[in-house]
Amino acid sequence: MDGMKTAIGLMSGTSMDGIDVALLKTDGEQRVERGAFLGVRYEPAFRQMLKLALEDAKEVGERSQRPGQLREIEAELTRRHADAVSQFLHQNGLKPSDIDVIGFHGQTVLHRPDRALTVQLGSGQLLADLTGAPVVYDMRANDMVHGGQGAPLVPAYHAALAENLPLQERPVCFVNIGGISNLTFVGLDGSIIAFDSGPGNTLIDQWVEAHAGVPFDQGGMIASEGRVVSALAEGYLSSSFFTASQRRSLDRNDFLPPKGDDAELADGARTLAYVAAASIIRSAEHLPQQPALYVICGGGRLNSVLMRDLSALAAAQGSRVACAEEAGLDGDAMEAEAWAYLAARSLKHLPLTFPGTTGVRQPVTGGVLRYPHKKE
Ligand SMILES: Nc1ncnc2c1ncn2[C@@H]1O[C@H](COP(=O)(O)OP(=O)(O)OP(=O)(O)O)[C@@H](O)[C@H]1O
Ligand SMILES: CC(=O)N[C@H]1[C@@H]2OC[C@@H](O2)[C@@H](O)[C@@H]1O[C@H](C)C(=O)O
């Protein structure tokens, strides 16, 4: 039907909190029909295993290497994605043959754009074999081969969403507050500029896990009891990441959590929520024009302290902040939807990244396509 594909997107993000599964019908261009969504959480033991993977990945010098336990963790991660797909298909009354393609992000364990090195765990062939559907994976590598930062890749999808946004203010800027945050500015002429904008939830998560034994600051409750420690906040916000003339993409470990004696629990959470908000506004100074509207997706939109700070900082510049849901979107599903969209584009050899999004030399496609092996 006029190039429309039924695609599933799978995202396991830098927060390492679970697998997001989303369905999309799309032509990989302007037509986007959003479908069902499922979030499958990792239990603490597997999250711990992924943290070990980050350590093993520090030894990787060439992207196909799998030192330490990386090979076992990759197989386990892929099996978990296959189980998530099977649960999703079952819940939605679908069969593998209904799916044209699965867009598989995998788990980033190392991202070093300065060395043109990005490593996502996840076997496309194993996922295709286990699910019985074609899989497009490894979508960042070709961008790096052509001089790009390898991230962010979601902007092509944000641009498609901007076409039909029910909110009227323009220009609009989509912000994903995940483990790391990234933004996509859609200019009045439809051109897009995008980059990683700074630490998102990962510092908050690591702080509250170390000092309160909880995986994240639900609703920003811990932060709401604290106050901003200015010197600590300024330590993060004075990073050359914000002032450098070139935007660059981030590894999860580029910003590290405060030391234990830098703050009390609540003050630390409060400060890091402020840092997440202020990072976005500071990075947005590199845009050609002040956005009239910020549309926020990702788990950080559920931290009310972070969102209050962000709204206040944006308002001081005459901009408004809206949650993805206010814009008729699903802030939890957007990245997984994007991976479905990108897979559909990859099948058509359309560009995934552009000079304005990753700094790549020219628009390039990407991804590796794997079909299920025929059963004997
Ligand atoms: N109810 C909530 N209250 C506060 N924070 C929340 C809530 N739910 C999720 N979060 C935060 O959002 C994070 C997950 O966000 P998300 O799934 O968007 O990130 P990700 O996709 O893993 O990261 P990235 O976009 O960097 O790849 C959690 O680790 C937590 O910090
Ligand atoms: C290397 C990598 O996995 N980067 C992630 C990370 O998490 C958020 C931010 O940093 C973003 O640039 C990217 O993910 C999103 C989905 C992207 O590529 O658009």
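What you are looking at is a predicted structure, and each value in this text was computed from that prediction instead of being measured.

Caption draft 1: Quick peek at the UniProt feature "binding site: ATP" (unreviewed entry) in the protein. The UniProt feature table records "binding site: ATP" (unreviewed entry) at Gly13, Thr14, Ser15, Met16, Asp17, Gly18, Ile19 and Asp20. Counting through the fold element by element, Gly13 comes out in the loop between strand E1 (5-12) and strand E2 (18-26). Residue position: Met16 is located in the loop between E1 and E2. When near neighbours in sequence (up to four residues on either side) are disregarded, Met16 contacts Tyr42, Arg47, Leu50, Lys51, Leu54, Gln107 and Arg252.

Caption draft 2: View of helix H10 (residues 304-315). The first and last C-alpha atoms of H10 sit 16 Å apart over 12 residues, in line with the 16 Å expected at 1.5 Å per residue. The set of residues buried in H10 consists of Val305, Leu306, Met307, Asp309, Leu310 and Ala314. Where H10 is buried, its residues touch strand E7 (172-177), helix H6 (202-212), helix H9 (265-284), strand E10 (293-297) and strand E11 (320-323). At the N-terminal boundary of H10, the capping side chain belongs to Asn303, with an oxygen 3.1 Å from the backbone nitrogen of Val305.

Caption draft 3: Broad picture of the pattern of salt bridges. Per the stated rule, a full pass over the model turns up 23 salt bridges. A salt bridge links Asp98 to Lys95; the shortest N-O distance between them is 3.4 Å. Judged by relative accessible area, which is 48%, Lys95 ranks as partly exposed. A salt bridge links Asp309 to Arg270; its shortest N-O distance comes to 2.8 Å. Note that Asp309 is positioned in helix H10 and Arg270 in helix H9, a separation of 39 residues in sequence.

Conventions and cut-offs
- Residues numbered from 1 in each chain as written.
- Chains lettered and ligands numbered in written order.
- Predicted model: local features only at pLDDT ≥ 70, side-chain atom pairs only at ≥ 80, totals over all residues.
- Heavy atoms only, no water.
- UniProt positions renumbered as here; feature names shortened; annotations may be inferred.
- Helix = DSSP H or I, 4+ residues; strand = E, 2+ residues; numbered from the N terminus.
- Contact = heavy atoms within 4.5 Å.
- Expected span 1.5 Å × (residues − 1).
- Buried < 20%, exposed > 50% of the residue type's maximum accessible area, 1.4 Å probe, protein only.
- Polar contact = N/O pair within 3.5 Å; in protein donor to acceptor, adjacent residues only side chain to side chain.
- Salt bridge = Lys/Arg side-chain N within 4 Å of Asp/Glu carboxyl O.

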